[in-house]
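# Coordinates in review
Listed below are the residues making up each chain.
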Amino acid sequence: MPISPSVCETLFFPDDRPLLPQAAAFFRERYRGTGKLDLSNIICVLPALHAKRRFESLLQWEAAEHDLKLVPPVLLTVGSLAERLYDSELPLAIDFEQTLAWANTLRSANPNRLRPLSPALSSDSDFAPWLELAATIRLLHEELASSCVTFVDVAAAAENENDRLRWQLLDALFGEYLQVLAQANLADPSHAQAIATKSRLCRCDKTIALIGTSDLSESLIAMLRTLSCPQIAFVAGDERHSRRFNEFGSLQADAWKNIELSIEDKHLVAAGDIFDQSLAVAEWLADYGDRFSADQITVGVTDESQVGPIEVELRHRGLDVYRHLGWALSQTAVGRLLNLTHQFLQRRTWPALSALIRHADVHDLVTLELSRDSSLESPLDWLETFDQLMVNHFPVELDNLLPPLARKNYPIAEKVRDVIVHWTAPLVGGTRSVSQWCKAIDKWLINICGEEICGEELPETEANRTQLAYQAMRRQLQRYAKLSPQLDVDVDAASAMEMLIGRSAEMRIGEAAKPEQIEILGWLDLALDDAPALVVVGLNHPFVPQAVTSDPFLPGSLRAKLGVMDNERRFARDCYAMHLMLKNRLAIRFIVGKTAANGAPTPPSRMIAATPPEDCARFVRQLLDGARNKTPLWHPWDDVPRDAPLVIPKLDNTVQVKSMSVTAFKDYLACPYRFYLRHVLGLRPVDDTMSELAANQFGDLVHGAVERFGASHDKDETQVKRIEASLIEHLHAYAADTYGETAATAVSLQIAQAKRRLKVVAQRQAERIAAGWIIHKVEASVGEKTGAGIVVDGQSMGLRGRFDRIDFHPQSGRWAILDYKTHGHKPEKKHLVKRNGELCWIDLQLPLYRTMIPFLNLGADPDSVQLGYFNVSGKDEETQVNIAEFSPELLKRADEIIVDCVRGVLNGMFDPAPEGVEFDDYGMILQTGIAQRMLQEARANEEVDV
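With 7 of its 9 residues buried, helix α25 (residues 672-680) lies for the most part within the structure. Along α25, the residues classified as buried are Pro672, Tyr673, Arg674, Phe675, Tyr676, Leu677 and Arg678. Directly after α25, the chain includes glycine 682, whose backbone phi takes a positive value near 70°.

What follows is the structure, given as structure tokens:
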């Protein structure tokens, strides 16, 4: 005798109060017994994990408040209900197993047969593209199955022959895919669910309570309709509007098309980019602070990219927050480790190594191994040394020898490389099955991270985020290590890691929440959240409602025809959610930004259009204007006077500077504080992200060639071609010594640019030789050892300088000191600037050379020696010798400034320049960047009338 399906009891609760507390009170009233609240025969189904946890705590509160002993129900999320309602003959395949089964099915098919689906792939292609296509088809099948639609149904509704052939092919491949799973003794969950529903095999021996499940899939509704057990649907809404819901409390999309939302002007807050939106959140929380405690306030986001900036802003304001969305496993320490290791295994380059050793666990490993090397004196600063190698020599291939200068200057870099090569050795060589690689990677993780992190599993309340992430990754590895041999494939380690990285992007971990934290929830969690105060960020398109506009398989028109989740259903879902938020919150604000976190423009959400036309027009006009009244914010630096600048580190002005280089004077003139940082403390910025030579390094490249030429036997050559050949030979020799025979592509291009410039230099050198000048010496230097110095106020300051080139003219007996410059500017332009109509010195290089001439032993009067540049410009017409023309008055003033600079250094005068500098390497120390702007913005906010 067939079993008659039961009718679901639909209960409507006032929507001006949160549903979950009302549902918990209902259970207490209906199921309370003598001294206890027995819900053991009930399955409570909630939309998502947050609602499930909240409802559990509400039941506990109801029982405690009424002195009842709670016998808890089974609590499930919607996504896990289906598998409780039927028994599958075979174990259900997990996502990765399904993807592998699809990949094996596709890869084994005849390539010609697959042309309607993917004309580019063949059986010889790498496994990764097959896996990517397989994942797409798996998700497509799941989406269709959730709407009770098959590939055959889509083929029948297809709008053209090509699409019809594609869907017919997918239907045929689906049958083969099921056979592959069956051979592995597994079943497809969606297919098994459809069979159970069609065959009326669904069973449940408990009462099913559907609480706020307004967005049930068609496949789950079909299962529920076959059940004979009692069912109750809890709906937040007026029973007079019951036509808007089916018997299970799920939305009827058509009934929500013309709903008007009760949005008011005060509910909408205009903002700019994501940082301004985050600031707006902080402003409204400051406003809420007088009325609500932290556990009464929720921050909602419509897109996950908004969480990070909001979290940073609120923590900066002294507020502790909890991100309910957690973190994708790929964003955690273990996720980054796998990603960096995958890049290293795939590329085996010095840049990939440089990225890998910055991971905290890898850095600790290298430090430990180097500390055991007795040949190293101080390995603790090895990363700084490694960075110097990268920025000075740009090595590429890991297996190539480093350039000679690099091996000489940075021997520790090769030891770092050897440590990493040895550590990754278990992941190198040949192919293995995915399951075998997972076992190897699991062991490898334990070796680097230790048992403290990777060992015994800790509960969520005791483990930190890193421990939770490693535990989750190890669970995944151990599950994949048990893959069926029928599904497993042979790949290299890099491919195996790529698979893991792809799977980890779908996994999330989260730490336990604390009572005093403000929760950050996703949009779909907000409808059932019962915090009385709410701030929602991003009431914008395309976040709310989400719209599908360019699906290559299921465009909007086809979705609508098939009844698959389409834009209208998403609108109904989000309209209902927003309706509940507006109805049952004491305070609510929707922040409407102008751009997303990635900078893309984001117009206001079309949810605003669900209001009377005159209201909608006013809202849009106000939001596009972008102005808002700002609430004064508290300051994390309340102990600092409001008019005080941010404090910068104090310098020890008692340090005695004994000598100064020629270039240091320019730095002192620009800013004494920055001079101290660079020339006394030796703090110099290192940009390890550079992929090409910086301007000064390109200058060194050209200098290296011309200086080697000037020291060679070819320096007196008169023929242009021979000079050119010699210059280029020295250029390549310098490049080989510095950057190796296989330089990075960008460096190779810059070497070619230098080569082109040197061809013009050869012409100018031949002209100079023809004019009677000869190269007397290159790289001549003077310093304290040669007696170079200056005495100021009875105190001596040593001077150091290196002269690129000294020329001599035998016929006239004249001397010339030239400095190579890879620009086309004349000396006057680089040394002087006009301020208030008067020429002022900004660089003292050539005047200082003039004072140092006596220490070169040239036997020449300094006033008779020419000083200038040999410009090696990118423009041919600017490549020439330019002799400086400074008047006696200017040179006298330069001498006075030199004395002033020395006096200032000797007297410890290192105050920052009030006007700053144009290109600042020390903005973080002097706080001329973000920190200063934040303070200025905070002060500006204080001045706004609210």
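Right, let's get into the environment of leucine 906. With respect to the helices and strands, the residue leucine 906 is situated in helix α31 (residues 888-906). Along the sequence, leucine 906 and valine 792 sit 114 residues apart, while their C-alpha atoms lie 8.8 Å from each other. In contact with leucine 906, other than residues within four places in its own chain, are Val657, Val792, Gln795, Ser796 and Met797.

At the junction of histidine 541 and proline 542, the peptide bond is cis and its omega measures out at 10° in the coordinates. Counting through the fold element by element, proline 542 comes out in the loop between β16 (533-537) and α21 (556-562). Of the consecutive residues valine 544 and proline 545, the connecting peptide bond is found in the cis state with omega at -15°. Here proline 545 lies in the loop between β16 and α21. If you check the backbone angles, aspartate 793 has positive phi at about 55° while not being a glycine. Here aspartate 793 lies in the loop between β20 (789-792) and β21 (795-809).

Another point: the sheet that holds strand β7 (residues 231-236). Reading across from one edge, β1-β7-β6-β3-β5 is the order of the 5 strands in this open sheet, with parallel pairing throughout. The open sheet has two free edges, formed respectively by β1 (9-13) and β5 (74-77), since each of these has just one partner strand. On average, each strand axis in the sheet is tilted by 20° relative to the strand beside it, whichever way the strands run. Bridging between strand β6 (residues 207-211) and β7 involves 4 bridges; their strand directions are parallel. When the bridges of β7 are listed, isoleucine 211 appears paired with phenylalanine 234.

The contact between helix α9 (residues 274-288) and helix α10 (residues 307-316) brings their axes to 9 Å, and the two run at 45°. Between α9 and α10, the interaxial angle falls into the category oblique. Judged by the twist between their axes, the crossing of α9 over α10 is right-handed. Across the interface between the two elements, Ile274, Ser278, Leu279, Val281, Ala282 and Leu285 of α9 pack against Pro309, Ile310, Glu313 and Leu314 of α10. Residues that form the contact of α9 with α10 fall into these classes: 8 nonpolar, 1 polar and 1 charged.

Attention now moves to the packing of aromatic side chains. Here the structure, examined in full by the defined rule, presents 31 aromatic pairs. Pairing phenylalanine 12 with phenylalanine 245 gives two aromatic rings, centres 6.1 Å apart and planes at 70°, and the pair type is edge-to-face. With phenylalanine 12 in strand β1 and phenylalanine 245 in the loop between β7 and β8 (268-270), this pair connects stretches of sequence that are 233 residues apart. An identical accessibility class is assigned to phenylalanine 12 and phenylalanine 245; each is buried. Ring geometry for phenylalanine 675 and phenylalanine 910: centres 6.3 Å apart, planes at 15°, overall stacked. Residue phenylalanine 675 is located in helix α25, and its partner phenylalanine 910 is located in the loop between α31 and α32 (923-926); the two are separated by 235 residues in the primary sequence. Summarising the burial analysis for this pair, phenylalanine 675 and phenylalanine 910 share the class buried. Feature note: the residues Phe13, Phe26, Phe27, Tyr31, Phe55 and Phe234 constitute an aromatic cluster, connected by ring pairs.

Moving on to the pattern of salt bridges. Oppositely charged side chains can pair when the atoms bearing their charge come close. Scanning the entire structure with this criterion turns up 43 salt bridges. For aspartate 529, the salt bridge identified is with arginine 585, shortest N-O distance 3.7 Å. Of this pair, aspartate 529 sits in the loop between α20 (523-526) and β16 while arginine 585 is found in the loop between α22 (567-584) and β17 (587-592), placing the two residues 56 residues apart along the sequence. The residues aspartate 529 and arginine 585 share a single accessibility class, namely buried. Residues joined in a network through salt bridges with shared partners are Glu311, Arg315, Asp320 and Arg323.

Basis of the calculations
- Residues numbered from 1 in each chain as written.
- Predicted model: local features only at pLDDT ≥ 70, side-chain atom pairs only at ≥ 80, totals over all residues.
- Heavy atoms only, no water.
- Buried < 20%, exposed > 50% of the residue type's maximum accessible area, 1.4 Å probe, protein only.
- Helix = DSSP H or I, 4+ residues; strand = E, 2+ residues; numbered from the N terminus.
- Contact = heavy atoms within 4.5 Å.
- Pairing = 2+ DSSP bridges.
- Axes fitted to C-alpha atoms, helices over the stretch in contact; angles between N-to-C directions.
- Parallel < 35°, antiparallel > 145°, perpendicular 65-115°, else oblique.
- Left-handed = near helix turned anticlockwise from the far one by under 90°.
- Nonpolar A, V, L, I, M, F, W, Y, C, P; charged D, E, K, R; others polar.
- Phe/Tyr/Trp six-rings, centres within 6.5 Å; stacked < 30°, edge-to-face > 60°.
- Salt bridge = Lys/Arg side-chain N within 4 Å of Asp/Glu carboxyl O.

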